[in-house]
Amino acid sequence: MDAPHWFIFLATVLGVSLIPGPSTFIAFAHGAAYGWSRSVLTAFGNTTASVLQAVLASAGLGLVVTSSATLFLAIKYAGAVYLIYVGIQLWRSAARQVSLDGGQEGTREPSHRLFTAGFTVAMSNPKAIAFFTALFPQFLSVDGNSLEQLAGMVLLVGLSAFSVALFYGCVGAWVRGLKLSRAIMTRIYKTTGGLFVASGIGLAASRSS
């Protein structure tokens, strides 16, 4: 695959990753609640899940998921339930999570929970595997080493996932730095929780294809 195709691939993955969704919502929420430095852990969790999904797609397991309606629906509905659960938890804990004291940054949530949240939210959507399964073949060149090309694409997926998640985490931290009133920050946090619930409902209601 030549340089222009690598660039197009990267632009495609970045463009899709930048679209607001559960992974960007959780990165934003963690940035707003704990600061950008703590949202790095969320970004690492999201990146780990994205790389795993890309590897599964590269290994052909994506075909198993997309060809088995029962398995796909089971994963999809489990993910939808989890997103709704996260949204409800964000809504209920909004007042407790919001802190306008920069000195308290990162002290309220253990590191492994931030990582796990980023990982689990990203893994909750099986359509990511279907997306990579459909995307990768479009950029594979018969003249090159397929394994090396797939490894390069997986690497770019990971870099894109981390960059976008960290970007949204920094946006959340920037909002936190505006020193808005607690009422406004709580409303922002509840809105994020509502978006999670909407994402879960949307995932459950969407077509299985």
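Preceding this section is the structure that the text describes.
Conventions adopted
- Residues numbered from 1 in each chain as written.
- Predicted model: local features only at pLDDT ≥ 70, side-chain atom pairs only at ≥ 80, totals over all residues.
- Heavy atoms only, no water.
- Phe/Tyr/Trp six-rings, centres within 6.5 Å; stacked < 30°, edge-to-face > 60°.
- Helix = DSSP H or I, 4+ residues; strand = E, 2+ residues; numbered from the N terminus.
- Buried < 20%, exposed > 50% of the residue type's maximum accessible area, 1.4 Å probe, protein only.
- Core = buried A, V, L, I, M, F, W, Y, C linked by side-chain atoms within 4.5 Å.
- Contact = heavy atoms within 4.5 Å.

Novice: Got a minute to help me understand the packing of aromatic side chains in this structure?
Specialist: Under the counting rule described, the total for this entry stands at five aromatic pairs. Between the aromatic rings of F44 and F162, the centroid separation amounts to 4.9 Å while the plane-to-plane angle is 40°, which identifies the pairing as tilted. Highlighted residues: F44 in helix α3 (residues 36–58) and F162 in helix α9 (residues 146–177), separated in sequence by 118 residues. Accessibility expressed as a relative area gives 42% for F44, which makes it partly exposed. Arranged with centres 5.6 Å apart and planes meeting at 55°, the rings of F131 and F132 form a pair that is tilted. In textbook terms, an aromatic cluster arises when at least three aromatic residues are bridged by ring pairs, as seen for F9, F131, F132 and F136.

Novice: Help me understand the nonpolar core, please; the structure alone is not making it clear to me.
Specialist: Nonpolar side chains in soluble globular proteins tend to end up buried together. Formed by 15 residues in total, the largest nonpolar core has its most connected members in F9, F136, M153 and V157. If you list the elements that add at least two residues to this core, you get α1 (3–18), α3, α8 (127–139) and α9. When neighbours within four sequence positions are excluded, F9 is seen to be in contact with L135, F136, F139, M153, L156 and V157. Residues F25, V86, A117 and F196 belong to the second largest nonpolar core, which totals eight residues.

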